[in-house]
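The lines below spell out each chain.
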Amino acid sequence: MHELPLTAVEFSLAKVLMLKKGRVYTREELLDIIWGQDFTGESRTVDVHIKNLRKKIRDAGGPPEIIRSVRGVGYTCE
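Parameters at a glance
Residues numbered from 1 in each chain as written. Predicted model: local features only at pLDDT ≥ 70, side-chain atom pairs only at ≥ 80, totals over all residues. Heavy atoms only, no water. Helix = DSSP H or I, 4+ residues; strand = E, 2+ residues; numbered from the N terminus. Contact = heavy atoms within 4.5 Å. Pairing = 2+ DSSP bridges. pLDDT = per-residue confidence, 0-100. Axes fitted to C-alpha atoms, helices over the stretch in contact; angles between N-to-C directions. Salt bridge = Lys/Arg side-chain N within 4 Å of Asp/Glu carboxyl O. Buried < 20%, exposed > 50% of the residue type's maximum accessible area, 1.4 Å probe, protein only.

Trainee: Would you mind going over the side chain of His-49 with me for this structure?
Mentor: Position of His-49 relative to the elements: it lies in helix α3 (residues 44–59). For His-49, the contacting residues outside a window of four places in its chain are Val-9, Glu-10, Leu-13 and Trp-35.

Trainee: It is not clear to me how the pairing of strand β3 (residues 74–77) should be interpreted in this structure. Could you clarify?
Mentor: In summary, the side chains of a regular strand alternate between the two faces of the sheet. Summarising the sheet, strand β1 (residues 25–26) and β3 pair through two bridges and their orientation is antiparallel. In the strand pairing of β3, Tyr-25 is matched with Tyr-75. Sheet topology note: the strand β2 (residues 67–70)/β3 ladder contains four bridges and is antiparallel. Paired with Ser-69 across the two strands is Tyr-75, which belongs to β3. Counted between consecutive antiparallel strands, the loop separating β2 from β3 contains three residues, among which Gly-72 sits at a positive phi close to 80°.

Trainee: Any chance you could explain the confidence of the model for the chain here in plain terms?
Mentor: Fine structural detail should not be taken from predicted coordinates in areas where pLDDT scores are low. Confidence in the prediction for the chain averages 92 pLDDT; 97% of positions are at 70 or higher. Across the chain, the secondary-structure element scoring lowest on mean pLDDT is α3, at 94, and the one scoring highest is β1, at 97.

Trainee: When you look at the sheet that holds β1 in this model, what are you seeing that I'm missing?
Mentor: In sheet architecture, strand pairing relies on hydrogen bonds along the backbone and comes in two forms, parallel and antiparallel. What the three strands build is an open sheet, ordered β1-β3-β2; its pairing is antiparallel. Strand pairing shows two members of the sheet lacking a second neighbour, β1 and β2, which therefore form its edges. The strands touched by α3 are β2 and β3; relative to β2, the strand with the most contacts, the crossing angle is about 145°.

Trainee: Would you mind showing me how to read the pattern of salt bridges here?
Mentor: Pairing is possible between side chains that carry opposite charge, provided their charged atoms lie close to one another. Per the stated rule, a full pass over the model turns up six salt bridges. We note a salt bridge from Arg-27 to Asp-47, for which the minimum N-O separation is 2.8 Å. Here Arg-27 is found in helix α2 (residues 27–35), whereas its partner Asp-47 is found in helix α3, with 20 residues between them in sequence. Close ionic contact of Asp-59 with Lys-55 constitutes a salt bridge, the shortest N to O distance being 2.6 Å. Here the residue Asp-59 and the residue Lys-55 both occupy positions in helix α3, the gap between them amounting to four residues, near one helical turn. Accessibility expressed as a relative area gives 54% for Asp-59, which makes it exposed. For Lys-55, a relative accessible area of 42% translates into the label partly exposed. Where salt bridges share partners, they join Arg-27, Arg-44 and Asp-47 into one cluster.

Structure, rendered in structure tokens:
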């Protein structure tokens, strides 16, 4: 097991996804949970942070596919 240097947002995303494995979260749900309902940025912000999180997992020797995209819906953790 490796320790990953995560940002606060990456850690929060990983925590939310891992606490309810198998549950699919929409981008909007993740934005509300992580950034709050007052967030006015783009929903694609979630995609950027998920991409960075997957890269860190892969670089540490872990399976990047642990965070799965569900096309047209959002993200889930296996």
